[in-house]
Amino acid sequence: QVQLVESGGGLVQAGGSLRLSCAASGRTFSMYAKGWFRQAPGKEREFVAAISRSGGITYYADSVKGRFTISRDNVKNTVYLQMISLKPEDTAVYYCAAASERRVVTTSYEYDFWGQGTQVTVSS
């Protein structure tokens, strides 16, 4: 089992920045690929970013490419999502997830563990 706890969400003006963190406990953090998803009110959960088990490969949704950066620290058992140039349409609950895979994982059904989410609100 892996327990995931997100933090770092909040209210920010358009054009601002936030860094989300996802702290993991339980089974060895480095064994899992990680990802970030988000869900806006009335919409389905969507993929945001993913990172491979080693951290060497990352992948982003087109909507966040160039603005968001995913990274991981396998010593601190934490994965991060640095978000810059935030837009109102980035408003959502952001979830981190862990998959028992080595590669980058972009589909939600392949993830085994999920955090509870952290709210990000971007005002215009």
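Residues numbered from 1 in each chain as written. Predicted model: local features only at pLDDT ≥ 70, side-chain atom pairs only at ≥ 80, totals over all residues. Heavy atoms only, no water.

1. What to know about the overall build of the chain
Across its full length, the chain carries zero helices and 11 strands. Helices (α) and strands (β) of the chain occur, in sequence order from the N terminus, as β-β-β-β-β-β-β-β-β-β-β. Over its C-alpha atoms the chain spans a radius of gyration of 13 Å, differing by no more than 12% from the 14 Å that the globule rule assigns to 124 residues. Principal-axis analysis of the C-alpha atoms places the extent of the chain at approximately 40 × 25 × 25 Å. Looking at the chain alone, contacts between residues at least 24 apart form 59% of all its contacts between residues at least 6 apart. A total accessible area of about 6300 Å² is found for the chain, and carbon and sulfur atoms account for 48% of it. If the 14 positive side-chain charges of the chain are averaged to one point and the 10 negative ones to another, these points end up 6 Å apart. (Helix = DSSP H or I, 4+ residues; strand = E, 2+ residues; numbered from the N terminus. Rg over C-alpha atoms; globule rule 2.2 N^0.38 Å. Contact = heavy atoms within 4.5 Å. Areas by Shrake-Rupley, 256 points an atom, 1.4 Å probe, with all protein chains shown as cover. Lys, Arg positive; Asp, Glu negative; His and termini not counted. Charge placed at Lys NZ, Arg CZ, Asp CG, Glu CD.)

2. Quick word on the sheet that holds strand E7 (residues 68–73)
As summarised here, the arrangement of the four strands in space is E1-E3-E8-E7, forming an open sheet in which the pairing is antiparallel. Each edge of the open sheet carries a strand with a single partner, namely strand E1 (2–7) and E7. Adjacent strand axes in the sheet meet at a mean angle of 15° when their direction is disregarded. Relative to strand E8 (residues 78–83), E7 runs antiparallel, the two sharing six bridges. Looking at the pairing, Phe68 lines up with Met83 of E8. (Pairing = 2+ DSSP bridges. Axes fitted to C-alpha atoms, helices over the stretch in contact; angles between N-to-C directions.)

3. Quick look at the pattern of salt bridges
Under the counting rule described, the total for this entry stands at six salt bridges. In this structure, Arg38 engages Asp90 in a salt bridge whose closest nitrogen and oxygen atoms are separated by 2.9 Å. Highlighted residues: Arg38 in strand E4 (residues 33–39) and Asp90 in the loop between E8 and strand E9 (92–99), separated in sequence by 52 residues. Among the residues examined, Arg38 registers a relative accessible area of 6% and is labelled buried. Note that Lys65 and Asp62 form a salt bridge whose closest N and O atoms lie 3.1 Å from each other. For Lys65, a relative accessible area of 47% translates into the label partly exposed. Assessed through its relative accessible area of 64%, Asp62 is described here as exposed. Here the salt bridges do not stand alone but share partners, grouping Arg38, Glu46, Arg67 and Asp90 into one network. (Salt bridge = Lys/Arg side-chain N within 4 Å of Asp/Glu carboxyl O. Buried < 20%, exposed > 50% of the residue type's maximum accessible area, 1.4 Å probe, protein only.)

4. Section: the state of the cysteines
Evaluated as defined, the whole model comprises one disulfide. The side chain of Cys22 participates in a disulfide bridge whose partner is Cys96; the two sulfur atoms lie 1.9 Å from each other. Taking the sign of the torsion about the S-S bond as the criterion, the disulfide between Cys22 and Cys96, at about 45°, is right-handed. Taken together, the positions of Cys22 in strand E3 (residues 18–26) and Cys96 in strand E9 put the pair 74 residues apart, joining distant regions of the chain. (Disulfide = S-S within 2.5 Å.)

5. Re the side chain of Arg67
Tracing the chain through its elements places Arg67 in the loop between strand E6 (58–60) and E7. Here Arg67 falls in the buried class, since its relative accessible area comes to 10%. From its side chain, Arg67 meets the backbone oxygen of Ser63 in a polar contact 2.9 Å long. Of note is the side chain of Arg67, whose polar atom sits 3.0 Å from the backbone oxygen of Ser85. (Polar contact = N/O pair within 3.5 Å; in protein donor to acceptor, adjacent residues only side chain to side chain.)

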